[in-house]
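A closer look at the structure
As a plain string of letters, each chain reads:
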Amino acid sequence: MAFLDDFQTMSSFGATAAGGVHREAATADDGRTRRFLADWFDRHGFTTTVDVVGNMYGTVEFVSGAPYVLVGSHLDSQPTAGKYDGAYGVLAAAYAAHEVAECVERGSVTPQFNLAVVNWFNEEGSRFSPSLMGSGVFIGKFDADDILKVTDRRGVSVRDALSDIGFHGGSTPPDSVSYAEIHIEQGPILEQEGTTIGIVTANWAARKYSITVHGEQSHTGATHMALRHDALVGASRIVLAARELTTRFPEQALLASVGEFDIEPNSPIVVPSKVTMAIDIRSSDPDVLEQAHAMLLAAIAAVDADGEVQVSIDTSALRPSTSYQVEGVELAEAAAQDLGLSCRRMLTMAGHDSVNLKDIVPTVMLFVPSVDGISHSEKELTHDTDLLDGVKMLAETVARMVRGEIGVGRSSELAGMEGAR
Ligand code: HGY
Ligand code: MN
Ligand code: MN
């Protein structure tokens, strides 16, 4: 199968020994994967363009001057991650778009809109924070100049990293009329139920914090205990407070972890002077998330008030729970039914670029099963049959979108959402 062969080739860029990929945004391996995609676009009649924040588009024009149905995901990965998260969605989008373009050529699809495959820059947010960066600029939530100045841990800016790999472009992004994305579920529900396609109706709410705990550097073997200001002790209390939060709600109602943690100066014989960390808390219930937010702030204030360390909350960002447009959900259900694929409605716990896109255009978000629900791990796995059924499902969905079944004018839901953005 061409799709599976191409997916194997794509997964070789930044491949790890344990079968995953390590391909953070705008690294050399991300560049290699992007060049593979650009070459694929060339070979299949798509025009490649790159915008100022490194979003890559492969466009095909059917109707001169008409807006574009966008379909895509992201090629970047977390460190030592799985090969399916994001990359599957980009290649599936390319194959689906190619199939739809062939249908247009044969006359079996009469297009109302044009079509563009997209690889969003830095969905993961591991090298450069925040996540959902390229799609955030696309929808106008972030300013491109601000984003280009963001630096990684070594002080390299987004602008320089993109230039280094040859993907700091200058093209105007295509004008979008609707968006579709397919992704692995990253949870166990589809596999447990034996369902092939998940159709996402809303995203979980999330809050992400970056926090600094300030102590005072001194000698681990010579400073009296009463005189220590150990940043790591304060930071550890906050890590445990985040875990403890989850026990105050029904099981699964709240998820929380500290995923990033840096100690300074990180020497065996020095009491740590500073710790920076990132906390991620999520819930499907916005009220639970807000209660947890208040509890976490209280726990942090208590650590600060004890006096050994000072704690600052440097950034705190809310990703609210919002719904995907019903018209897109219904379109996908009809497509799955016509293809004879089992499907169910579900929520997404993880963030996706579609969470951004749905704020400006009708958006369809699809899932295929993840074995054991594992993701952000080299153990991530989706069976080939599910990958191929997903491509079929995406092609049918995109064909309907190109025909204009959704995205004509602005939906009433979108009009109502504007004030909340
Ligand atoms: O889930 C996340 O927050 C990430 O953007 N994928
Ligand atoms: Mn992803
Ligand atoms: Mn991810």
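Rules used in this analysis
- Residues numbered from 1 in each chain as written.
- Chains lettered and ligands numbered in written order.
- Predicted model: local features only at pLDDT ≥ 70, side-chain atom pairs only at ≥ 80, totals over all residues.
- Heavy atoms only, no water.
- Core = buried A, V, L, I, M, F, W, Y, C linked by side-chain atoms within 4.5 Å.
- Buried < 20%, exposed > 50% of the residue type's maximum accessible area, 1.4 Å probe, protein only.
- Helix = DSSP H or I, 4+ residues; strand = E, 2+ residues; numbered from the N terminus.
- Contact = heavy atoms within 4.5 Å.
- Donors = N, O, S within 2.8 Å, 3.2 Å for Na, K, Ca; no water.
- Domains from an automatic or database assignment.
- Buried area = accessible area lost by both parts, 1.4 Å probe.
- Salt bridge = Lys/Arg side-chain N within 4 Å of Asp/Glu carboxyl O.
- Polar contact = N/O pair within 3.5 Å; in protein donor to acceptor, adjacent residues only side chain to side chain.
- Nonpolar A, V, L, I, M, F, W, Y, C, P; charged D, E, K, R; others polar.

An unreviewed UniProt entry annotates the chain as M20 family metallo-hydrolase originating from Rhodococcoides yunnanense.

Considering the nonpolar core
In this structure, Phe3, Tyr88, Leu115, Phe128, Val158, Leu366 and Leu394 are the most contacted members of the largest nonpolar core, which totals 75 residues. If you tally residues by element for this core, the top one is helix 3 (residues 87-106), at 13 residues. Those residues in contact with Leu394 that sit more than four places away from it in its chain are Val71, Ala92, Ala93, Ala96, Ala180, Ile182 and Leu366. Ranked by size, the runner-up nonpolar core spans 25 residues in total, among them Tyr209, Ala231, Ile238 and Leu296.

Description of the coordination of the manganese ion (ligand 3)
Note on the manganese ion (ligand 3): its protein donors are Asp85 (OD), Glu124 (OE), Glu124 (OE) and His376 (NE2). The metal-donor distances range over 2.1 to 2.5 Å. Read from N- to C-terminus, the donor residues coordinating the manganese ion (ligand 3) fall into the pattern D-x38-E-x251-H. For the pair the manganese ion (ligand 3) and the manganese ion (ligand 2), the metal-to-metal distance amounts to 3.7 Å, and Asp85 bridges them. Taken together, the residues Glu124 in the loop between strand 4 (114-119) and helix 4 (133-138) and His376 in the loop between strand 14 (363-368) and helix 12 (384-402) connect sequence positions 252 residues apart. Residue classification places Glu124 among the buried positions, given a relative accessible area of 9%.

Describing the domain arrangement of the chain
Considered domain by domain, the chain is made up of domain 1 (2-204 + 323-415) and domain 2 (205-319). One C-alpha centre belongs to domain 1, the other to domain 2; they are set 34 Å apart. The partner domain 2 presents eleven residues to the ten residues of domain 1 that form the contact. Surface buried jointly by domain 1 and domain 2 totals about 810 Å² across both partners, of which 50% is contributed by carbon and sulfur atoms. Looking at the side of domain 1 facing domain 2, the largest losses of area belong to Arg153, Trp204 and Met349, adding up to 67% of the total buried there. Where domain 1 meets domain 2, there are two salt bridges. Two residues, Arg153 and Asp262, come together in a salt bridge whose shortest N-O distance is 3.0 Å. Where domain 1 meets domain 2, there are five residue pairs in polar contact (both at pLDDT 80 or more). Residue composition of the side of domain 1 that touches domain 2, grouped by class: six nonpolar, three polar and one charged.

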